[in-house]
Amino acid sequence: MFSVQTQGLSDDENESSLLELKRLVKTMGLEVVATLTQRRPKPNTGTLVGEGKLKELAAYTGGTGVVEGFSRKSEDTDCDDVDEDDFPDGLDDPDDGVSSGGPMAPDSAHADVVIYDGEITTKQLQNLEEATGVEVLDRTGVILEIFSRHAKSREALIQVEIAKLVYLAPRIRASRMGGDRQGGSIGAKGAGETSHELDKRRIRDRISELRARLVDIHKEQVRRRSRRKENFQVSLVGYTNAGKSSLMRKLTGSDVLVEDKLFATLDTRVKSMQPEAFPPVLVSDTVGFIKKLPHDLVASFQSTLDEALAASLLLFTVDASDPAFRSQLEVTKSVLEEIGGEDIPSRLILNKRDKLTTEELEALQDEFPDGIFISAHNPEDVASVRKEILDFFQGNMVEGTMVIPYAKGHVLGQLRTRASIIGESYDETGTAVTFKTFPETLAWLQKKMDEAE
């Protein structure tokens with residue numbers, strides 16, 4: 001696993017990104033045997049890192065560390081003459097091979113896959129695989145692989161396939177067996193196309209087909225949401241593994257999957273908040289966000305994220321024990337802004353307070369005075385979140401008292417489904433009921449009472 005730390009990227013930011021990538025790699029089921037970082041003004045255009053660091057990387061894989069016929073000087077001449085001022089605070093020369101990654105690999109450490117914390121072009125991918133002799137993935141490729149493994153519903157499977165094809169299309173390479181053959185045997189439509197051009201066209205056709213299917217699914221989702229319009233809905237949004245699923249499970253009493261992995265679930269779930277109250281509230285849990293989430297994935301999961309746009313209240317959920325939660329919160333907000341959700345009312349839930357020291361908790365409470373500090377495993381904390389949700393939706397409710405004649409008992413039955421009943425008493429005239437409801441319901445009730453029997 002390696003990265004290129006360019007100017008403007010702090011050590012803390014680079015370390016945070018690598019730690020997150022390590023968790024992604026763990027979610028894939030792989031073990032990280034080494035992490036290398038090279039500091040450069042910008043990545044090498046051919047191999048991302050310099051010659052020395054490339055050989056150090058190859059020492060972990062058993063590769064040669066050399067790209068045959070490739071000259072770094074011809075590919076990356078703007079990094080040859082490096083002024084000392086270009087590397088402040090002891091930043092390494094791009095080709096010294098002795099950057100913050102450490103010494104050459106010990107004999108006991110061997111890597112079967114190399115993963116880069118960023119995006120790799122097709123040419124860089126070819127060069128790196130030649131130099132290391134193993135499969136090379138970039139951050140987007142890792143995320144796509146995780147999404148592919150965790151997709152379960154028809155919608156998620158289609159969304160993931162679209163994202164993978166969009167990612168694959170520009171990376172199609174000519175076959176190493178037989179070179180860049182002509183595809184004239186495919187038929188008139190494909191005559192004269194090279195084999196990888198034909199592959200690209202097939203990918204484009206497949207993407208179009210899948211997007212058409214997704215449109216049909218989206219229409220059905222719109223119909224389902226329209227049937228839920230009379231319900232109040234709150235949506236849990238936030239970074240992956242922030243504890244959204246745990247909170248969802250506690251609020252709804254559901255069997256939502258709770259797993260200590262990134263992107264453990266990809267499908268939006270909608271459940272009724274329990275115990276039931278007035279007004280009834282639906283709780284949805286959306287796919288988690290992450291730094292550097294590929295734009296194509298955001299686009300592919302638009303219909304899933306639309307569930308958040310249908311909510312009346314967003315609960316931004318963060319892991320308060322994670323030092324990087326502030327930047328993670330910004331990632332979540334920026335993705336929601338991208339899909340048009342910046343104006344939806346929201347609350348900030350700082351989860352996992354049980355992992356904080358007293359001093360850390362007090363400091364965060366000063367920094368986020370409006371934040372709701374909880375542990376999703378503490379029933380009292382979950383109850384406070386439930387109260388916050390109900391207080392929000394009950395904010396414009398009004399209290400009323402009315403005597404409903406026994407002859408209009410059916411009206412009382414309807415009122416019980418449209419209001420929160422505070423108390424009832426009975427006399428010879430009828431049922432005196434005290435309730436809280438919305439102004440429109442009060443107007444409806446008055447109209448019912450004014451109607452002649």
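Preceding this section is the structure that the text describes.
Residues numbered from 1 in each chain as written. Predicted model: local features only at pLDDT ≥ 70, side-chain atom pairs only at ≥ 80, totals over all residues. Heavy atoms only, no water.

Focus on the overall build of the protein
Spelled out, the test is: In this text, helices come from DSSP runs of H or I with a minimum length of four residues, and strands from runs of E with a minimum of two, each type numbered from the N-terminal end. Here, Shrake-Rupley sampling with a 1.4 Å probe gives the accessible areas, and only protein chains in the shown set may cover a residue.
Each helix and strand counted, the protein has 15 helices and 13 strands in total. A total of about 22700 Å² of accessible surface is found on the protein, and carbon and sulfur atoms cover 48% of it.

Some words on the environment of R347
Applied cut-off: Under the scheme applied here, a residue whose accessible area is under 20% of the maximum for its type counts as buried, over 50% as exposed, and between as partly exposed, the area being computed with a 1.4 Å probe on protein chains only. In what follows, a contact means two residues having at least one pair of non-hydrogen atoms within 4.5 Å.
You can see R347 is positioned in strand β9 (residues 346–351). R347 sits in the partly exposed class, given a relative accessible area of 26%. A C-alpha to C-alpha distance of 7.2 Å links R347 and G371, two positions 24 residues apart in sequence. In this structure R347 touches L313, L314, L315, F316, I372, E388 and F392, once residues within four positions along its chain are discounted.

A few points about a negative patch on the surface
As a reminder, the rule being used: For patch building, the residue pool is restricted to those with more than 30% relative accessible area and no salt bridge; the joining distance is 9 Å between like charges and 5 Å between nonpolar side chains (Val, Leu, Ile, Met, Phe, Trp, Tyr). Each reported salt bridge corresponds to a side-chain nitrogen of Lys or Arg within 4 Å of a carboxyl oxygen of Asp or Glu. Residues scored as positive are Lys and Arg, those scored as negative are Asp and Glu, and His as well as the terminal groups of each chain are ignored. Taken as the charge location is NZ of Lys, CZ of Arg, CG of Asp or CD of Glu.
Among the surface-exposed residues, E330, E337, E342 and D343 lie close enough to one another that they form a single negatively charged patch. Tracing the chain through its elements places E342 in the loop between α11 (325–338) and β9.

Observations concerning helix α5 (residues 139–150)
Owing to its 3.6 residues per turn, the α-helix brings residues three or four apart onto one side. Our working rule: Helices are assigned an expected span. That span is 1.5 Å times one less than the residue count.
Helix length check: α5, at twelve residues, gives a terminal C-alpha distance of 17 Å against a target of 16 Å (1.5 Å per residue), a fit within 8%. With nine of twelve residues buried, α5 is to be regarded as a mostly interior element. Buried within α5 we find R139, T140, G141, V142, I143, L144, I146, F147 and H150.

Observations regarding the nonpolar core
Worth spelling out the cut-off: For our purposes a nonpolar core is just a set of buried Ala, Val, Leu, Ile, Met, Phe, Trp, Tyr and Cys residues, chained together by side-chain atoms within 4.5 Å.
Judged by nonpolar contacts, the single largest core of 40 residues is most densely connected at L314, L336 and L350. Elements with a minimum of two residues in this core: α1 (11–28), α5, α6 (154–168), α10 (302–309), β8 (313–319), α11, β9 and α12 (358–367). Dropping the residues within four chain positions of it, L350 is found in contact with V318, A320, F325, F368, G371, I372, F373 and I374. Among the nonpolar cores identified, the runner-up in size contains 20 residues, and L57, V114, A131 and V134 belong to it.

Remarks on unusual backbone geometry
With an omega dihedral of -10 degrees, the bond running from Q274 to P275 counts as a cis peptide bond. Along the chain, the position of P275 falls in the loop between β6 (269–272) and β7 (281–285). Residue P279 is reached from F278 by a cis peptide bond, and omega for that bond is -5 degrees. Along the chain, P279 falls in the loop between β6 and β7. Phi is positive for K352, which is not a glycine, with a value near 65 degrees. Looking at the secondary structure, you find K352 in the loop between β9 and α12. Owing to a relative accessible area of 16%, K352 belongs among the buried residues under this scheme.

Thoughts on the sheet that holds strand β12 (residues 420–427)
Filter applied, for reference: Strands are labelled as partners when DSSP assigns at least two bridges between them. Interaxial angle, 0 to 180 degrees, is taken between N-to-C directions of lines fitted to C-alpha atoms, where a helix line uses only the stretch in contact.
Strand order in the open sheet made by the three strands is β11-β13-β12, with antiparallel pairing throughout. Of all strands in the sheet, those bounded by a partner on one side alone are β11 (398–404) and β12. On average, adjacent strands in this sheet sit at an angle of 15 degrees to one another, irrespective of strand direction. Its contacts with the sheet put helix α14 (residues 409–418) on β11, β12 and β13 (430–437), and the angle it makes with β13 is roughly 20 degrees.

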